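Examination of the molecular architecture
Take a look at the letters that make up each chain.
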Amino acid sequence: MLILAPMQGLTELLFRKVYHQCFPGALDYSVSPFLSLTHGNLADAWKKIDDVLPEANLNSIPVIPQILGKEPDEFVALANRLHDIGYNEINWNIGCPMRRVTAKHRGSGILPYPDEVRAILDSVVPRLLPSLSIKMRLGLHSPDEIFRLIPILNDYPLSNVTIHPRTGRQQYTGQVDLDTLDRVLPLLHHRVIYNGDICTPADYRRIRQMFPQIEDHMIGRGILYDPLLPLRIKHQQSDDLQATLHFILALVEAIDLLPIRDESRMRKIKEYWCLLRRSLPITEQQASHVLRAQTPDETRLRLHALLDSI
């Protein structure tokens, strides 16, 4: 299976719906950007529930909600509410590398503290109505931190464990640590999903060849660099520049309908454009011409002109 990775501010409902409408069936499912229990505040997390409401996610990539937090009671309350509205699986984020998150022992910040991980799982798992999966990194400071966590994870009936083979301190820099992942796989008793640096079909084939026992792969920025990547992996489809541009245009249309301020719309459009334009054989001058647009309408006009020129 090919799974869309959670990326805050990028793979929200809007992106998932537009992507599914343009490329139906390209992705098997997605994990949502996290619902945060920062400060243990369940009410704040529930305010962001619109992103995973089942009725809003019709005609979209199927989604599994993800929770970021370490407060067992609030975690259980949020997970069970999500179960009540239709979700049979919840994902726990212990991989986020953002410093403002890790400083509070959240995300990958909890990985150096296996006793905390066990205490949370001990409290949470028996009370959960949905099943629990985990998305994690090898560690916060050192990739070897995962080896203290494996015996703990093996003690619980997890649906799966997604591993991004970097440390939290690496953020998204440096190389993925495939040697450590190779040492981890025989020890971990759960189904493993691979995540990290799949940006081309060749990247995917390399990971498949190195780890044939891993059948499911999560793709994040690779899809934003090349929206056709899942199709090219699954069907060896050649590049279709017009399909990519039509997708970008559909994304601009959807953003233009958001009930937010004009400057926020353009900021979001420009953020996507800076990522998605990488898959297009255009010059820096052409890319900058689109980036300098001041309104969604102007962006659309410039994209249509680009479409006509390719």
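Residues numbered from 1 in each chain as written. Predicted model: local features only at pLDDT ≥ 70, side-chain atom pairs only at ≥ 80, totals over all residues. Heavy atoms only, no water.

Attention now goes to the state of the cysteines. In this structure the tally under the stated criterion is zero disulfides. A disulfide-free cysteine, cysteine 22 has its sulfur positioned 20 Å from the sulfur of cysteine 274, the nearest such atom. The class of cysteine 22 is partly exposed, set by a relative accessible area of 30%. Distance from the sulfur of cysteine 274, which forms no disulfide, to the nearest cysteine sulfur (cysteine 199) is 17 Å. The class for cysteine 274 is partly exposed, based on a relative accessible area of 41%. (Disulfide = S-S within 2.5 Å. Buried < 20%, exposed > 50% of the residue type's maximum accessible area, 1.4 Å probe, protein only.)

For strand β8 (residues 161-167), a buried count of seven out of seven residues is recorded, marking the element as mostly surrounded by other parts of the structure. Where strand β7 (residues 131-139) lies against β8, five bridges are found, and the strand directions are parallel. Pairing of isoleucine 134 across the sheet is with valine 161, part of β8. In this view, the connection linking β7 to its parallel neighbour β8 by way of helix α6 (residues 146-153) has right-handed handedness. (Helix = DSSP H or I, 4+ residues; strand = E, 2+ residues; numbered from the N terminus. Pairing = 2+ DSSP bridges. Right-handed = clockwise from strand over helix to strand, strands pointing away.)

This brings us to the sheet that holds strand β2 (residues 29-31). In space, the 10 strands of this open sheet follow the order β3-β5-β6-β7-β8-β9-β10-β1-β2-β4, with parallel pairing throughout. The two strands at the open ends of the sheet, each matched to only one other strand, are β3 (35-36) and β4 (63-64). In this structure, strand β6 (residues 89-94) lies alongside β7, joined through six bridges in parallel fashion. Following the sheet pairing, isoleucine 90 is matched in β7 by leucine 132. Running at roughly 165° to β7, α6 makes contact with β7 and β8 of the sheet. (Contact = heavy atoms within 4.5 Å. Axes fitted to C-alpha atoms, helices over the stretch in contact; angles between N-to-C directions.)

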